[in-house]
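Given next are the chains, with one letter for each unit.
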Amino acid sequence: MTFATINKGMLLALALIVPAVAGCSSYRPAPKAFHEATIQPYRLDSGDRLRITVFEQTGLTNTYSIDQAGYVAFPLVGAVPARGKTIQELEGAIAAKLRQGYLRDPDVSIEVDRYRSIYIMGEVGQAGQYSYVAGMTIQNAIAVAGGFSPRANQGSVDVTRKINGKILTGRVSISDPILAGDTIYVRERLF
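Residues numbered from 1 in each chain as written. Predicted model: local features only at pLDDT ≥ 70, side-chain atom pairs only at ≥ 80, totals over all residues. Heavy atoms only, no water.

S.K.: Any chance you could break down the overall build of the protein for me, citing the residues and the numbers?
M.R.: Looking only at helices and strands, one finds four helices and 10 strands in the protein. Out of the 191 residues belonging to the protein, those deemed buried represent 34%. Pairs at least 24 residues apart make up 53% of the contacts formed inside the protein by residues separated by at least 6 positions. Working note: accessible area of the protein is about 11,500 Å², and carbon and sulfur atoms make up 56% of it. (Helix = DSSP H or I, 4+ residues; strand = E, 2+ residues; numbered from the N terminus. Buried < 20%, exposed > 50% of the residue type's maximum accessible area, 1.4 Å probe, protein only. Contact = heavy atoms within 4.5 Å. Areas by Shrake-Rupley, 256 points an atom, 1.4 Å probe, with all protein chains shown as cover.)

S.K.: Explain unusual backbone geometry residue by residue, including any values.
M.R.: Even without being glycine, E56 reaches a positive phi, approximately 60°. In this structure, E56 sits in the loop between β1 (49-54) and β2 (62-65).

S.K.: Report on the packing of aromatic side chains, specifying residues and quantitative values.
M.R.: Any two aromatic rings considered together are summarised by their centre-to-centre distance and by the angle between their planes. For the structure shown, the criterion picks out three aromatic pairs. Aromatic pair Y115 and Y132: ring centres 5.2 Å apart, planes at 85°, arrangement edge-to-face. Taken together, the residues Y115 in the loop between β5 (108-114) and β6 (118-122) and Y132 in the loop between β7 (128-130) and α4 (138-144) connect sequence positions 17 residues apart. Classification of Y115 as partly exposed rests on a relative accessible area of 23%. Classification of Y132 by relative accessible area gives buried; the value is 11%. Through successive ring pairs, a cluster of aromatic residues spans Y42, Y115 and Y132. (Phe/Tyr/Trp six-rings, centres within 6.5 Å; stacked < 30°, edge-to-face > 60°.)

S.K.: I'd like to hear about the pairing of β1, residue by residue, with values.
M.R.: Residues of β1 alternate between two faces, with L50, I52 and V54 buried on one and R49, R51 and T53 left unburied on the opposite face. Pairing of β1 with β5, which is carried by six bridges, proceeds in the antiparallel orientation. What sits directly across from I52, in β5, is I110. (Pairing = 2+ DSSP bridges.)

S.K.: Hey, could you go over the layout of surface pockets for me, with residue numbers and the actual values?
M.R.: Considering only enclosed or pocket space, the largest pocket measures out at about 860 Å³ in volume. Around the largest pocket, the lining comprises 38 residues; the ones closest to its centre are R43, R116, K162, L179 and A180. Elements represented by at least two residues in the lining of the largest pocket include exactly α2 (32-36) and β8 (156-163). Per-element accounting of the lining of the largest pocket gives the leading share, four residues, to β8. Among the residues making up the lining of the largest pocket, the classes are represented as 16 nonpolar, 13 polar and nine charged. (1 Å grid on protein atoms, 1.4 Å probe; cavity = no way out; pocket = protein on both sides within 12 Å on 5 of 7 lines; lining within 4 Å. Points joined across faces, edges and corners; volume = space filled by probe spheres on them. Nonpolar A, V, L, I, M, F, W, Y, C, P; charged D, E, K, R; others polar.)

Written out as structure tokens, the structure reads:
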């Protein structure tokens, strides 16, 4: 065997191994918009339950859910689009609709009664759907799901998040904040 034959054999082996190893990692750092979403005002979406209060209108004050289509069915005015709106924007939209022949000067106040769920998958004690609490971090969410399994990669996780109507996935640290509706995937460690 000559040195050239050994060199060709090593190159061939490397050519086969490198793509396989690169495919295993599939590292996807989180895009900039991913982190910016955590400091923006909360955006409403399907699954959120709202406590809507109309001052001095006990018949209108109640708890309402945002349906799958992204609307709140509100008495007198019907379906009001809520998906993607902030709480203040929805307050204004409902007040504007109530002003159209129902109330002279409606005072509408909204608070989130229950946030939409988060989903935790992968190497955790109990994967599943869990309630989101404002200010929650990935580490808090994993603790709620029974902690890391013995095979879990505890340094970072993959999070799938809806931002401006687009579904994005990125790898983030376990100390990062999460948003309602996020899906967290805890990967298995390699060694």
